Amino acid sequence: LIAKCSYIVTQNSTAVFEGILQRKPAILFAKSDFHHIFPTIKSEQDAPEAFARVAAKNMLFMKYLYWYLRMNAVDIRRGDAPAKARELLAEAGWNLRL
């Protein structure tokens, strides 16, 4: 279905991530990990702009994917993975003593 659609409209779904891989834009209706690249509709007034952005089809999918996975995720293959995980958890307010 994603391969044949023009765009994805969802509350917060892994379908959006699959859509990024297939270069499909999305419109979000809730707080989402993907709010950096896609418009989020919080009220009725936001809808026209959100649909206009989706129609423009000028989203930088691969740049976003690199930023999302390489710059903001922990790569468990790297030696510094445990320290990076602790760092991200501390930034989120978790003070773990691992």
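Worth saying up front: this structure is predicted, and the values here are computed from it rather than measured. Throughout this description, residue numbers start from 1 for each chain and increase along the sequence as written. Residue-level local features of this predicted model are given only where pLDDT is at least 70; pairs of side-chain atoms are given and counted only at 80 or more, and the full residue set underlies all totals for whole chains, interfaces and linings. Remark: hydrogens and water are excluded; side-chain values derive from all non-hydrogen atoms of the structure.

## Observations concerning the side chain of K24
The test is simple: Numbering of helices and strands starts at the N terminus; helices are DSSP runs of H or I of at least 4 residues and strands are runs of E of at least 2. Summary of the burial criterion: residues with accessible area below 20% of their type's maximum are buried, those above 50% are exposed, and those between are partly exposed, where the area comes from a 1.4 Å probe applied to protein chains only. Only four residue types enter the charge count, namely Lys and Arg as positive and Asp and Glu as negative; His and the chain termini do not. Only one rule defines a salt bridge in this text: a Lys or Arg side-chain nitrogen within 4 Å of an Asp or Glu carboxyl oxygen. N or O atoms closer than or at 3.5 Å make up a polar contact, with two conditions inside protein: a donor-capable atom paired with an acceptor-capable one, and, for residues adjacent in sequence, both atoms drawn from side chains. We call two residues contacting when some pair of their heavy atoms lies within 4.5 Å.
Note on placement: K24 falls in the loop between α1 (14-21) and β2 (26-28). Although K24 is buried, it makes no salt bridge; E18 carries the closest opposite charge, 10 Å away. In this structure the side chain of K24 is engaged in a polar contact, spanning 3.1 Å, whose partner is the backbone oxygen of A3. Excluding its chain neighbours within four sequence positions, the residues that come into contact with K24 are I2, A3, K4, C5, S6, I8, G19, F38 and F61.

## Concerning the environment of L1
Its location among the elements puts L1 in the segment before β1 (8-10). Look at L1 and you get exposed, because its relative accessible area is 94%. In this structure the C-alpha to C-alpha distance between L1 and A15, which are 14 residues apart in sequence, comes to 10.0 Å.

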